[in-house]
Amino acid sequence: MHMNVAPHLLTEDRAEYERVLDDALSTAHARPELAGAGTRLTLAQLRSLTLNATTLVTSAAASEYDHFVKVREQHRAALGTRTPASPDRPGPDPGPGPGVVAILTVMVPVLAGAAAVIFLLVGAVMHAVAPSVAFGATLLTAGLVFGAVAAAGLLGAAAGLLVTALRNSPAEVSRSGAAAAAPDDELSRAREAWRRALLERGILPFLRDVLAATTSPDAGP
């Protein structure tokens, strides 16, 4: 038997529509307006009729469904789950990464410190052996300069670590989590609103009308 799909009902939501229908049929015995379900018509017959009338049934909750689809698309866009750029239309170049900066941050203090130690040791030895030679004093001065550069590099690295730690602080993580939870809550509310409208204004009235038609004098055998 062919089952129509409503023009506005996306394929991915077909299963959700059927779940709402199955939930309604499973509780039909507890709904006075569905008296006769399972007797005048079997649940399987009612399910088949409702699936064949998908266009009519879902149109009763069209506005809620359109809102649900819109919120879902916004949520997916926020999570970056859209189709990636094709090879013919590559995305923007992310630019150079932080690798060069990180290497310089680590290497500058190390190299400057090593140079400072060498110049200071050699300069101290030369100054002790030949105090009158000016080259020893020059090496000591160079060693002090490289020592200052090493100290500045260490301070810069420490500042970078501090900034990174603050950026990844629990407060930032909490704010990010709250921002991600808000769309989730809105999406859940939109889905539930559609399900409720689909059940109350679409599925239940259709089932009630079908059952009523089976008791009508003009319903036929």
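The preceding data block contains the structure.
Worth saying up front: this structure is predicted, and the values here are computed from it rather than measured.

**Student:** Got a minute to help me understand the overall build of the protein in this structure?
**Tutor:** When its secondary structure is counted, the protein shows seven helices and zero strands. Ordering the α and β elements of the protein from the N terminus gives α-α-α-α-α-α-α. Within the span of the protein, comprising 221 residues, buried residues form 24% of the whole. Of the contacts formed within the protein by residues at least 6 apart in sequence, a portion of 79% connects residues at least 24 apart. When the accessible surface of the protein is split by element, carbon and sulfur atoms take 67% of a total near 14100 Å².

**Student:** Teacher, can you tell me more about the pattern of salt bridges here?
**Tutor:** Pairs may arise between side chains of opposite charge once their charged atoms sit close together. Counted by the stated rule, this structure contains 11 salt bridges. Across the salt bridge formed by E16 and R195, the nearest N and O atoms sit 2.3 Å from each other. One end of the pair, E16, is in helix 1 (residues 14-26); the other, R195, is in helix 7 (residues 170-215), and 179 residues separate them in sequence. On the basis of relative accessible area, E16 is assigned to the buried category, the value being 12%. With a closest N to O distance of 3.3 Å, E18 and R47 form a salt bridge. Here E18 is found in helix 1, whereas its partner R47 is found in helix 2 (residues 43-52), with 29 residues between them in sequence. Using a relative accessible area of 22% as the deciding quantity, one classes E18 as partly exposed. Accessibility expressed as a relative area gives 26% for R47, which makes it partly exposed. A network of salt bridges, in which partner residues are shared, links E12, D13, R72, E73 and R76.

**Student:** Could you clarify how one ought to interpret helix 4 (residues 62-78) in this entry?
**Tutor:** Given 3.6 residues per helical turn, the α-helix brings residues three or four places apart onto the same face. Under the 1.5 Å per step criterion, the end-to-end length of helix 4 is 24 Å for 17 residues, consistent within 8% with the ideal 24 Å. Buried within helix 4 are the following residues: Y65, F68, V69, V71, R72 and H75. The buried residues of helix 4 occupy one face: seen down the axis, they fall within an arc of 170°. Away from the buried face of helix 4 by more than 90 degrees, exposed residues S63, K70 and A78 are located. Two residues or fewer past helix 4, G80 is found with a positive phi of approximately 70°.

**Student:** I'm lost on the side chain of R72 in this one. Help?
**Tutor:** Following the sequence through the fold, R72 ends up in helix 4. A polar side-chain atom of R72 sits 2.7 Å from a polar atom in the side chain of D13. When sequence neighbours within four positions are dropped, the list of residues in contact with R72 reads L10, E12, D13, Y65 and L187.

**Student:** Just checking my understanding: could you explain the nonpolar core for this structure?
**Tutor:** As a rule of thumb, soluble globular proteins bury nonpolar side chains together. Residues Y17, L46, V57, W194, L198 and I203 are the most contacted members of the largest nonpolar core, which totals 30 residues. Ranked by the residues each element gives to this core, the list is headed by helix 7, at 12 residues.

**Student:** Mind showing me how you'd approach the side chain of R14 here?
**Tutor:** Checked against the element boundaries, R14 lands in helix 1. A polar side-chain atom of R14 sits 3.1 Å from a polar atom in the side chain of T54.

**Student:** Which parts of the structure should I look at to understand helix 1?
**Tutor:** The end-to-end C-alpha separation of helix 1 is 18 Å, in line with the 18 Å expected for 13 residues at 1.5 Å each. All buried positions along helix 1 are accounted for by R14, E16, Y17, V20, L21, A24 and L25.

**Student:** Which parts of the structure should I look at to understand the packing of aromatic side chains?
**Tutor:** Ring pairs (aromatic) are described by centroid distance and by the angle formed between their planes. The tally for this structure, following the rule as stated, stands at three aromatic pairs. A centroid spacing of 6.3 Å and a plane angle of 55° characterise the contact between Y65 and F68, whose relative ring orientation is tilted. With a gap of three residues between them, Y65 and F68 both fall in helix 4, about one helical turn apart. Judged by its relative accessible area of 1%, F68 is buried. One aromatic cluster in this structure is built from Y65, F68 and W194.

Here is what the cut-offs are and how they apply
- Residues numbered from 1 in each chain as written.
- Predicted model: local features only at pLDDT ≥ 70, side-chain atom pairs only at ≥ 80, totals over all residues.
- Heavy atoms only, no water.
- Helix = DSSP H or I, 4+ residues; strand = E, 2+ residues; numbered from the N terminus.
- Buried < 20%, exposed > 50% of the residue type's maximum accessible area, 1.4 Å probe, protein only.
- Contact = heavy atoms within 4.5 Å.
- Areas by Shrake-Rupley, 256 points an atom, 1.4 Å probe, with all protein chains shown as cover.
- Salt bridge = Lys/Arg side-chain N within 4 Å of Asp/Glu carboxyl O.
- Expected span 1.5 Å × (residues − 1).
- Arc of directions from axis to C-beta.
- Polar contact = N/O pair within 3.5 Å; in protein donor to acceptor, adjacent residues only side chain to side chain.
- Core = buried A, V, L, I, M, F, W, Y, C linked by side-chain atoms within 4.5 Å.
- Phe/Tyr/Trp six-rings, centres within 6.5 Å; stacked < 30°, edge-to-face > 60°.

In short, shape yes, function no, at least from these values alone.
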